[in-house]
Amino acid sequence: MQKPPGVTVKYGVLGPLSVCSDDGVEVPLRSRLERTLLAALLVRAGQVVTVGQLVETLWADRPPSSYASNLQTYISRLRDRLTRTTIEHANGGYRLTVPDEDLDLARFRQEAKAAHAESGEQAVERFRAALKEWRGPMLAGMSIPLLASDIAHCDLERLDAAEDCADAHLAAGLPVTNLLPELRQLIAEHPLRERLHGLLMRALCRAGRRADALLAYQHARDLLVNELGIEPGAALQRLHQAILKGEDDEPAPTNTFPVCQLPPTPAGFVGRQQEISRIARLLRPGAIVPVVALSGQPGVGKSTAAVVAAHTIRDAFPDGQIFINLAGASAAPRDAAGALADILRSLGVPGPAIPDDLGALTATYRAKLADRRVLVLLDDAADPAQIRPLIPGTGGSAVLVTSRRLLGGLVEARHVHLDPLTDPEAQELLAHMVGAERMARSPAFAARIADACGNLPLALRIAGIRLATRGLTVEALAERLGDERRRLGELMVGDQQVRASIAFSVAALSPQARAAFAALGPVGPRSVAAWLVSMLVDATSSDAVVEELVEAGLLTPDGAGPDGEPRYRLHDLLRLYAEDLPNDDPAARARVVTAVLWASDIASRNLPRTVTWARAATTAGPARLPDGLAERLRAAPGEWLDAEVDLLVDFVLQVADDDAALALAERLAPFLWARGSWTRLREVLAVAGRAATRAGDRRGLAWADLINGILRLVRGEVAAAAEHFARSLSRYERLGDAHGLACVLSDQAVLYGYQEYAERAIAAAERAREHFAAADDPLGAVIAAPALSAALRGLGRFPAALEVDRRAVAQARVLDAADIVLGRCLNSLTVSELLSGAAAQAHDAATEAVRLLRPTGDRYVYLAALRQLATAAAGLRRRTEAIRLLRESRDLATELGDLLGRTSLDRDLAVSRIGDGDPASAATGLERCLVEFERMDIPSGQATTLTMLARAYDELGKGTEARNARRRLNEVRRDPRDLRTPMLTEIMMQLAERV
């Protein structure tokens, strides 16, 4: 039946699940799944239980396909039935909130906590009130694997409370008649609990039954010896001796606790506050033993940070702190048995009482620390097997482990990773070592020292000692460390050596991982993907090798690349060490070069073609690639090239094989061009040109001249561009390469257009179209069509230009050309529509071009689309829109290094200042632009600028200057048939109209 609104519900989990109203009426739940769901939320009340955990709890390993909606239905039903109870969705799960007084587990914990604050009979009463909340085994009759650990912790809390209650009972001097059977029942349930045996012995003595107390001790000893092979602990033995001597049943023991074995807090410790705070939170004592594993690369300061953290939280562990160096990075790590024997000796266990085998040692150690609050610091651990026997068995204690390895197999642990210090922290450490004033006198050189040390504390301390004791100046040490070849040799003083610290970790690697580490050094200071590691070690998968290097702290995860694949990086000092290792493997180098070329070939051929010259002359490979790489290249070539572009450029710059360098350059160039990475493209072309010259590769030389000509043209170096195009054209003619000729001619037509040689431009564009047809490349003809349209516009043949553009746009759609190609055709169509008087249609075409091009990443063509849209907006007298687009375009042209485009945009923005009422500023800007157009020898640019400048002078009342500008305008016009320039100028001049 439906529970009336407003009725308070009481919940019980300390026994069978109970859901009742205040008057004891059970609140019915419809199904077993609802009861299981409620139990999971109640036991973790106030905590978020994730959806995944709840699904596993309800359906184990066979959830229904509709599990999400089913779970929501059950949650909704519980909300309907239960008042004063909130079940909210939070952080990917659900959290139940209920008042403490309505949940027996919360009441139990409140009463137990209150009892500890009381003494005498009041403490006993509060303990018994807490224990009365238990009605039987927790959640009796239900099996919920998710809650197994929670139930075990609660059972331990109940046992602790029962022992504390008995202890308070004896301390209060109360009669023990009823206490004795309670203790015997607890011992029957927990026969190996030494504290219970001690409480029974004390209670028997209090009842005047010394003989029975001695028999109780003998019974306890027999159990421990037979079950665990160990003698009773020191406390129980001391109580036995006291009873034998007839002394008080609570003797004052000779206690070895508290014990503190921590090394001193190191001087000059800096940083790590966030990590130490996290360690302190994670090691907070509780019902279970928290374990924190602190990892990081060699020299990052793990041991120092752990010692500082341990001192910081000493007060939380009043019984002491144990420290032991496990020597995990050495050639002979300590075994757990030897470490346990040392710990037991330090805790007062006599030599004869220390067992020999590991199991007995562990049991004795855990018995010694039982019910105590001790922090165990295990420094430089080798692996989880070395650590596990050293973890105490009862709550209250905690373990902090340091290791060069990540210790991923230590599932009991929470992991904290140490990175190198930040720049300010590194400077602070050096200042402590050397003196703040000395470092402040040479801040730039101090920063260079820290950078050379990679901000690693070990390296920084060595550098600081050398500065403090060797008479070196800050400048001199910075210069020495700046030489990578001698850096590791400089970072040593006495027994402190960065090289030796790294060597320990490298020596522990498997042969394949050690070979991969050595091979990664020459790759340089960059992140690498797992596929490259595979090629270095000649494996179809590098997962195991990469995992070993990461686990050893020698390879650092560096996030995911644009292709979504994980990437890794060597710290600079590790890289220098790797470079010094033997790595003379010509087969590996050849394997990597072949794989890189083949992967680049697959990626480049699967990229959308956006330029005429993106069709590689030859096919590379094939080569064996790591598992799955070829499929990823075909599915997402651009993302892979984005991720690997630094590596690929360096391969071109460094590879010794001229043919490979040229082939890789051909495949990489279209991508670099589309991304606007023109500086890198120039570097690649310089190497490719030299390689082609050495190899006598005429086609390679022709290709390099073509791309160099294009790069010169966008920089406004018209004369140099013309020379490159002429050489490329001549070489392709001698080769009889129709496609190469078509590519050169289409870009030569653009050049002629800038120079206002309209007939030449048309002739070049027509020839290009013929050669593309001969080479069976219709897409190339579409890509080159805007050059023909621009040439026709230069002669005022607007209808013909408009026809070329419309046909190109239609053909691009038919061929399903890349958005960049269609966008370029739409850009050209925008201009032709404008010159035909159709400003609205021009704006539509430009808007579509911008929409298509924005997500492509080709910033050069996108720049052209933004600029054409600005022009169309000006033609429609949308002044605000036009100026906004011009500013956005100018910023992009500046980023790209497009001098010609930036100068044109600066000019258009300058003329708009006339309309803003600032003709003086407009004139200044236009004069600067005119100088640039004259330097670049761009007549159309000069003509437009002079027209605008004359208008600015008119506004300023400078009649002579205005007349001179108009006179010069007539001088720079090369072809009176060019109506395009004056018409486009007239459109942009509308920005000069007063606002």
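Thresholds, definitions, all that
- Positions within a chain are numbered from 1, following the residues in the order the chain's sequence is written.
- Thresholds applied to this predicted model are a pLDDT of at least 70 for local features of residues and 80 or more for the giving and counting of side-chain atom pairs; totals over whole chains, interfaces and linings are not thresholded and use all residues.
- Hydrogen atoms and water are omitted, and side-chain values are computed over all heavy atoms in the structure.
- UniProt positions are given in the numbering used here, feature names are shortened, and annotations may be inferred rather than shown by experiment.
- Going along the chain from the N terminus, every DSSP run of H or I of four or more residues is numbered as a helix, and every run of E of two or more is numbered as a strand.
- The globule rule used for comparison is 2.2 Å times the number of residues to the exponent 0.38, while the radius of gyration itself is calculated over C-alpha atoms.
- Exposure classes here rest on a 1.4 Å probe applied to the protein chains alone. A residue is buried below 20% of its type maximum, exposed above 50%, and partly exposed in between.
- By definition, residues are in contact when any of their heavy atoms lie within 4.5 Å.
- By the counting rule applied here, Lys and Arg register as positive and Asp and Glu as negative, while His and the ends of each chain are not counted.
- Where a charge sits is defined by one atom per residue type, namely NZ (Lys), CZ (Arg), CG (Asp) or CD (Glu).
- Confidence scores labelled pLDDT are given residue by residue by the predictor and lie between 0 and 100.
- DSSP bridges decide pairing: two strands pair if at least two such bridges lie between them.
- Every axis in this analysis is a line fitted to C-alpha atoms, fitted for helices over the stretch in contact. Angles between the N-to-C directions lie between 0 and 180 degrees.
- Patch definition: residues above 30% relative accessible area lacking any salt bridge, with like charges linked at up to 9 Å and the nonpolar side chains Val, Leu, Ile, Met, Phe, Trp and Tyr linked at up to 5 Å.
- Calculation of accessible area relied on Shrake-Rupley with a 1.4 Å probe; when residues are assessed, cover is drawn exclusively from the protein chains displayed.
- Any Lys or Arg side-chain nitrogen located within 4 Å of an Asp or Glu carboxyl oxygen qualifies as a salt bridge.
- Should an angle fall under 35 degrees it is called roughly parallel, over 145 degrees roughly antiparallel, and 65 to 115 degrees roughly perpendicular, with every other angle called oblique.
- Just so you know the grouping, Ala, Val, Leu, Ile, Met, Phe, Trp, Tyr, Cys and Pro go in nonpolar, Asp, Glu, Lys and Arg go in charged, and all remaining residues, Gly too, go in polar.
- Each crossing gets its handedness from the near helix: less than a right angle anticlockwise from the far helix is left-handed, clockwise is right-handed.
- Note on terminology: a nonpolar core comprises buried Ala, Val, Leu, Ile, Met, Phe, Trp, Tyr and Cys residues joined through side-chain atoms within 4.5 Å.
- Any pair of N or O atoms that falls within 3.5 Å is considered a polar contact. Within protein, one atom must be able to donate a hydrogen and the other to accept it, and sequence-neighbouring residues count only if both atoms are side-chain atoms.
- Helices are assigned an expected span. That span is 1.5 Å times one less than the residue count.
- Within this analysis, the arc is defined by the directions that extend from the helix axis to the C-beta atoms.
- Stacked, tilted and edge-to-face are the three classes assigned to paired rings of Phe, Tyr and Trp, where Trp is represented by its six-membered ring and a pair needs centres within 6.5 Å; plane angles under 30 degrees give stacked, over 60 edge-to-face, the rest tilted.
- Sitting over a ring, as applied to charges here, requires NZ of Lys or CZ of Arg to be within 6 Å of the ring centre and within 35 degrees of the ring normal.

The name given to the protein chain in an unreviewed UniProt entry is SARP family transcriptional regulator, with the source organism recorded as Virgisporangium aurantiacum. Taken verbatim from the UniProt record of the protein chain, the Sequence similarities (unreviewed entry) comment is "Belongs to the AfsR/DnrI/RedD regulatory family."

Caption draft 1: Region of the structure containing the overall build of the protein chain. Along the backbone of the protein chain there are 46 helices and 16 strands. In terms of C-alpha radius of gyration, the protein chain reaches 40 Å, well past the compact-globule figure of 30 Å for 995 residues. Looking at the protein chain as a whole, 52% of its 995 residues qualify as buried. Pairs at least 24 residues apart make up 68% of the contacts formed inside the protein chain by residues separated by at least 6 positions. In the protein chain, the 118 positive side-chain charges and the 127 negative ones have mean positions that sit 3 Å from each other.

Caption draft 2: Local environment of the confidence of the model for the protein chain. Averaged over all residues, the pLDDT of the protein chain is 84; the fraction at 70 or higher stands at 93%. In this model residues 1–5 is a low-confidence stretch, pLDDT under 50, and it forms 9 contacts with partners more than four residues away in sequence or in other chains. Long-range and interchain partners of residues 251–255, a stretch whose pLDDT sits below 50, account for 6 contacts in this model, where long-range means more than four residues apart.

Caption draft 3: Spatial organisation of the sheet that holds strand β9 (residues 374–379). Strand order in the open sheet formed by 6 strands is β6-β8-β9-β10-β7-β11, and the pairing between neighbours is parallel. Since the sheet does not close on itself, it has two edges, and those belong to β6 (259–260) and β11 (413–417), each with one partner. Of the pairings in the sheet, the one linking β9 to strand β10 (residues 398–403) comprises 4 bridges and is parallel in character. Bridge assignment links leucine 378 to a residue of β10, and that residue is valine 401. Taken strand by strand, helix α11 (residues 273–282) contacts β7 (291–295), β10 and β11, and its axis lies near 175 degrees from that of β11. In the packing of helix α12 (residues 302–312) onto the sheet, contacts are made with β7, β9 and β10, and the angle to β10 comes to roughly 160 degrees.

Caption draft 4: Seen up close, a negative patch on the surface. Taken together, the side chains of Asp543, Glu547, Asp627 and Glu631 make up a negatively charged region of the molecular surface. Take aspartate 543: it is sitting in helix α25 (residues 543–551).

Caption draft 5: Here's a closer look at the environment of arginine 877. Here arginine 877 shows up in the loop between α40 (859–875) and α41 (879–896). For arginine 877 and valine 809, which are 68 residues apart along the polypeptide, the C-alpha to C-alpha distance reads 26 Å.

Caption draft 6: A look at unusual backbone geometry. Unlike most non-glycine residues, aspartate 816 shows phi in positive territory, near 55 degrees. Along the chain, the position of aspartate 816 falls in the loop between α37 (798–814) and α38 (819–835). Owing to a relative accessible area of 68%, aspartate 816 belongs among the exposed residues under this scheme. Positive phi, close to 60 degrees, is recorded for arginine 877, a residue that is not glycine.

Caption draft 7: Fine view of the packing of helix α23 (residues 511–520) against α25. Orientation of α23 relative to α25, taken along the N-to-C sense of each, is 80 degrees, at an axis distance of 9 Å. With respect to α25, the element α23 is oriented roughly perpendicular. Between α23, through Gln512, Ala513, Ala516, Phe517 and Leu520, and α25, the contact on the second element is made entirely by Val545, Glu548 and Leu549. Its residues assigned to classes, the contact of α23 with α25 comprises 6 nonpolar, 1 polar and 1 charged.

Caption draft 8: Structural detail: the packing of α40 against α41. One way to put it is that α40 packs onto α41 with a least axis distance of 8 Å and a crossing angle of 160 degrees. One finds that α40 runs roughly antiparallel with respect to α41. Classified by chirality, the crossing of α41 by α40 is left-handed. Of α41, the residues touching α40 (which contributes Arg859, Tyr860, Tyr862, Leu863, Leu866, Arg867, Leu869, Ala870, Ala873 and Ala874) are Glu881, Ala882, Leu885, Leu886, Glu888, Ser889, Leu892, Ala893, Glu895 and Leu896. Classifying every residue of the contact of α40 with α41 gives 14 nonpolar, 1 polar and 5 charged.

Caption draft 9: Structural context of the pairing of strand β16 (residues 566–569). Judged from the 2 bridges that link them, strand β14 (residues 528–529) and β16 form a sheet pairing that is antiparallel. For valine 528, the partnering residue across the bridge sits in β16 and is tyrosine 568. Both strand β15 (residues 556–560) and β16 contribute to a ladder of 3 bridges, which runs antiparallel. Bridge assignment links threonine 556 to a residue of β16, and that residue is arginine 569.

Caption draft 10: Region of the structure containing the nonpolar core. Among the nonpolar cores identified, the biggest contains 229 residues, and Ile449, Phe517, Trp613 and Trp703 are the most heavily contacted of them. Excluding residues within four positions of it along the chain, tryptophan 703 makes contact with Trp613, Leu662, Ala665, Glu666, Ala669, Leu685, Ala688 and Tyr732. Among the nonpolar cores identified, the runner-up in size contains 52 residues, and Leu17, Leu33, Phe127 and Cys165 belong to it.

Caption draft 11: Layout of the side chain of arginine 272. Structurally, the position occupied by arginine 272 is in the loop between β6 and α11. Within the buried set, arginine 272 has no salt-bridge partner at all; the shortest N-O distance to an opposite charge, 4.4 Å, is to glutamate 275. A distance of 2.6 Å separates the side chain of arginine 272 from the backbone oxygen of aspartate 419, its partner in a polar contact.

Caption draft 12: Region of interest: the environment of leucine 103. For leucine 103, the location among the structural elements is in the loop between β5 (93–97) and α4 (104–117). We classify leucine 103 as buried; its relative accessible area is 4%. In contact with leucine 103, other than residues within four places in its own chain, are Tyr11, Val13, Leu42, Ala45 and Val98.

Caption draft 13: Expanded view of α4. Helix length check: α4, at 14 residues, gives a terminal C-alpha distance of 20 Å against a target of 20 Å (1.5 Å per residue), a fit within 8%. Considered for burial, the residues of α4 that qualify are Asp104, Leu105, Ala106, Phe108, Ala112, Ala114 and Ala115.

Caption draft 14: Region of the structure containing the sheet that holds β14. Read from one edge of the open sheet, 3 strands run β14-β16-β15, paired in antiparallel fashion. Of all strands in the sheet, those bounded by a partner on one side alone are β14 and β15.

Caption draft 15: Molecular detail of the pattern of salt bridges. This structure, assessed with the given rule, holds 52 salt bridges. A salt bridge links arginine 109 to glutamate 157; the shortest N-O distance between them is 2.9 Å. Of this pair, arginine 109 sits in helix α4 while glutamate 157 is found in helix α6 (residues 148–171), placing the two residues 48 residues apart along the sequence. On the basis of relative accessible area, glutamate 157 is assigned to the partly exposed category, the value being 23%.

Caption draft 16: Broad picture of α37. With 17 residues, α37 ought to run about 24 Å at 1.5 Å a step, and its terminal C-alpha atoms sit 24 Å apart, in line with that. Restricting attention to buried positions, one finds in α37 the residues Phe798, Ala801, Leu802, Val804, Asp805, Ala808, Val809 and Ala812. Seen from one end, α37 has its buried residues packed into an arc of 160 degrees, which puts them on one side. Exposed residues on α37 whose side chains face more than 90 degrees from its buried face are Pro799 and Val814. The inward-facing, buried residues of α37 contact α36 (778–794), α38 and α46 (980–989). A positive backbone phi angle near 55 degrees is found at aspartate 816, which sits one or two residues after α37.

Caption draft 17: Expanded view of the packing of aromatic side chains. Enumeration over the complete set of coordinates arrives at 5 aromatic pairs. When the ring of phenylalanine 108 is compared with that of tryptophan 134, the centres are 5.8 Å apart and the planes differ by 90 degrees; the resulting orientation is edge-to-face. With phenylalanine 108 in helix α4 and tryptophan 134 in the loop between α5 (120–132) and α6, this residue pair connects regions lying 26 residues apart in the sequence. Of the two residues, phenylalanine 108 and tryptophan 134, neither departs from the other in class, the shared state being buried. Here the aromatic rings of tryptophan 678 and tyrosine 860 are separated by 5.2 Å at their centres, their planes lie at 70 degrees, and the arrangement is edge-to-face. Here tryptophan 678 is found in helix α31 (residues 678–695), whereas its partner tyrosine 860 is found in helix α40, with 182 residues between them in sequence. Owing to a relative accessible area of 2%, tryptophan 678 belongs among the buried residues under this scheme. Grouping aromatic residues by their ring pairs yields a cluster made of Trp673, Trp678 and Tyr860. Of note, arginine 760 hangs over the ring of tyrosine 757, and the distance from its end group to the ring centre comes to 4.3 Å.

Caption draft 18: Focus on the environment of valine 176. Residue placement: valine 176 occurs in the loop between α6 and α7 (179–189). Of the residues examined, valine 176 reaches a relative accessible area of 8% and is grouped as buried. Note: C-alpha distance between valine 176 and valine 550 (374 residues apart in sequence) is 60 Å.

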